[in-house]
Amino acid sequence: MPVEITWWGHATCTVEDSGTRVLTDPLFARRLAHLRRRRGAPPPPEAAVADVALVSHLHADHLHVPSLTRLAPGTRLVVPKGASRQVPGLRRLAHLRLSEVAAGDEIRVGDLVVRAVPARHDGRRLPVGPHRSPALGFVVEGEARTYFAGDTGLFQEMAKEVGPVDVALLPVGGWGPYLGEGHLDAGRAAEALALLAPRSAVPVHYGTYWPIGMDAVRPHEFHAPGEEFVRLAAARAPEVAVHRLGHGESVRPGAAR
């Protein structure tokens, strides 16, 4: 399929399909609060070039207002419904075309259709905030159907809610020594892969940021999730081609169904 996936680190990816560039959860910072980028150089300027940027939920490592300011004027920015009330900084991004969506909503960008799908994750703007903007995933449909899960736990309705996809961008870790409820680790991500049954998968959301001063606390949670996902996916979903990318690397997965 003529789709190309580039992983810039954490949950930030570029999906190029049908001549349109889609950027997911843009995070370009070297440091974010107590987190420091420990692997991979910050994304280059071309990473901020996109026709549309998709934000899965309001956590600061996914909705990062300083990173969004780097997007070019006129870029479409898609966020969960209610986000601009919860994150006042969004209202200062007058150079972007803001769209708020809920699960089931679709928008058209160029020759692509982007559909918002449910996620099982605490979507609030932390450390405080009401539950008014549920976390989302997105399916980008053009020449291929690419599922960006954002941050989510495993749920039995996942395949039904997401629908048939060709490529799945799945979180397999996090930014700290422990993963709370509403996350996929490598094992649960492999289970999700078996449910979704795409042709290809790319593990994301691991091996990029780590809390300052916690280098020696469960370091395998930083280093191991990508390789562990490859191993577990081979056992639980052997028909799926898994592409473990380095920071800034790209892949063109196989032909669409």
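Residues numbered from 1 in each chain as written. Predicted model: local features only at pLDDT ≥ 70, side-chain atom pairs only at ≥ 80, totals over all residues. Heavy atoms only, no water.

Undergrad: How do you make sense of the side chain of Asp 61 when you look at a structure like this?
TA: Along the polypeptide, Asp 61 turns up in the loop between strand E6 (52-54) and helix H1 (65-68). Among the polar contacts listed, one links the side chain of Asp 61 to the side chain of Trp 175, at a separation of 3.5 Å. Filtering out sequence-adjacent residues up to four positions away, Asp 61 remains in contact with His 10, Leu 27, Leu 32, Trp 175 and His 205. (Helix = DSSP H or I, 4+ residues; strand = E, 2+ residues; numbered from the N terminus. Polar contact = N/O pair within 3.5 Å; in protein donor to acceptor, adjacent residues only side chain to side chain. Contact = heavy atoms within 4.5 Å.)

Undergrad: What is the right way to look at the packing of helix H4 (residues 186-196) against helix H6 (residues 225-236) in this model?
TA: Helix packing geometry: the angle between the two helix axes and the distance between the axes. The contact between H4 and H6 brings their axes to 8 Å, and the two run at 40°. One finds that H4 runs oblique with respect to H6. Here the hand of the crossing between H4 and H6 comes out right-handed. Side by side, H4 and H6 meet where Ala 186, Gly 187, Ala 189, Ala 190, Glu 191, Leu 193 and Ala 194 of the first sit next to Pro 225, Glu 228, Phe 229, Leu 232, Ala 233 and Arg 236 of the second. Class assignment of the residues belonging to the contact of H4 with H6 gives a composition of nine nonpolar, one polar and three charged. (Axes fitted to C-alpha atoms, helices over the stretch in contact; angles between N-to-C directions. Parallel < 35°, antiparallel > 145°, perpendicular 65-115°, else oblique. Left-handed = near helix turned anticlockwise from the far one by under 90°. Nonpolar A, V, L, I, M, F, W, Y, C, P; charged D, E, K, R; others polar.)

Undergrad: Please explain H4 as it appears in this structure.
TA: Along an α-helix, residues three or four positions apart point the same way, because every turn accommodates 3.6 residues. The set of residues buried in H4 consists of Ala 186, Gly 187, Ala 189, Ala 190, Ala 192, Leu 193 and Leu 196. By the N-cap criterion, in which a side-chain oxygen at the helix start approaches the backbone nitrogen of a residue two or three places on, H4 is capped by Asp 185, the distance to Gly 187 being 3.2 Å. Positive phi appears at Ala 197, one or two residues downstream of H4, with a value of about 55°. (Buried < 20%, exposed > 50% of the residue type's maximum accessible area, 1.4 Å probe, protein only.)

Undergrad: Can you walk me through the nonpolar core in this structure?
TA: Within soluble globular proteins, side chains that are nonpolar tend to cluster in buried spots. Counting residues in each nonpolar core, the largest one holds 52 residues, and the members touching the most others are Phe 138, Tyr 147 and Phe 229. Residue contributions to this core peak at six residues, all from H4. Among residues more than four places away in sequence, those in contact with Tyr 147 are Val 117, Phe 138, Val 139, Thr 152, Met 158, Val 162, Val 165, Val 167, Ala 168, Leu 169, Leu 170 and Leu 196. Counting residues in each nonpolar core, the second largest holds 20 residues, with Phe 28, Val 55, Leu 77 and Leu 90 among its members. (Core = buried A, V, L, I, M, F, W, Y, C linked by side-chain atoms within 4.5 Å.)

Undergrad: Before we go on, may I ask you to explain unusual backbone geometry in this structure?
TA: Excluding glycine, residues mostly carry a negative phi; peptide bonds, for their part, are mostly trans. Residues other than glycine seldom take positive phi values, yet Asp 25 does so here, at roughly 35°. Looking at the secondary structure, you find Asp 25 in the loop between strand E3 (20-24) and strand E4 (31-32). Residue Arg 218 is not a glycine yet carries a positive backbone phi of 45°. Its place among the elements puts Arg 218 in the loop between strand E15 (209-211) and helix H5 (220-223). Note on Arg 218: relative accessible area 31%, which makes it partly exposed.

Undergrad: I tried to follow the packing of aromatic side chains on my own but got confused; where do I start?
TA: The geometry of an aromatic ring pair comes down to the distance between the two centres and the angle between the two planes. What the rule picks out here adds up to two aromatic pairs. Centre to centre, the rings of Trp 210 and Phe 222 are 5.5 Å apart; their planes meet at 70°, and the pair counts as edge-to-face. A residue pair is termed long-range when its members are at least 10 positions apart, and Trp 210 in strand E15 and Phe 222 in helix H5 qualify at 12 residues. Relative accessible area serves as the criterion here: at 2%, Trp 210 is assigned to the buried category. Geometry around Phe 155 places Arg 120 over its ring, the cationic atom sitting 4.1 Å from the centre. (Phe/Tyr/Trp six-rings, centres within 6.5 Å; stacked < 30°, edge-to-face > 60°. Lys NZ or Arg CZ within 6 Å of the ring centre and 35° of its normal.)

Undergrad: Is there a simple way to think about the environment of Pro 211 in this case?
TA: Note that Pro 211 resides in strand E15. Given a relative accessible area of 4%, Pro 211 falls into the buried group. Once the C-alpha coordinates of Pro 211 and Leu 35 are considered, the two residues, 176 residues apart in sequence, prove to be 4.4 Å apart. Leaving out residues up to four positions away in the same chain, Pro 211 has contacts with His 34, Leu 35, Trp 175 and Gly 176.

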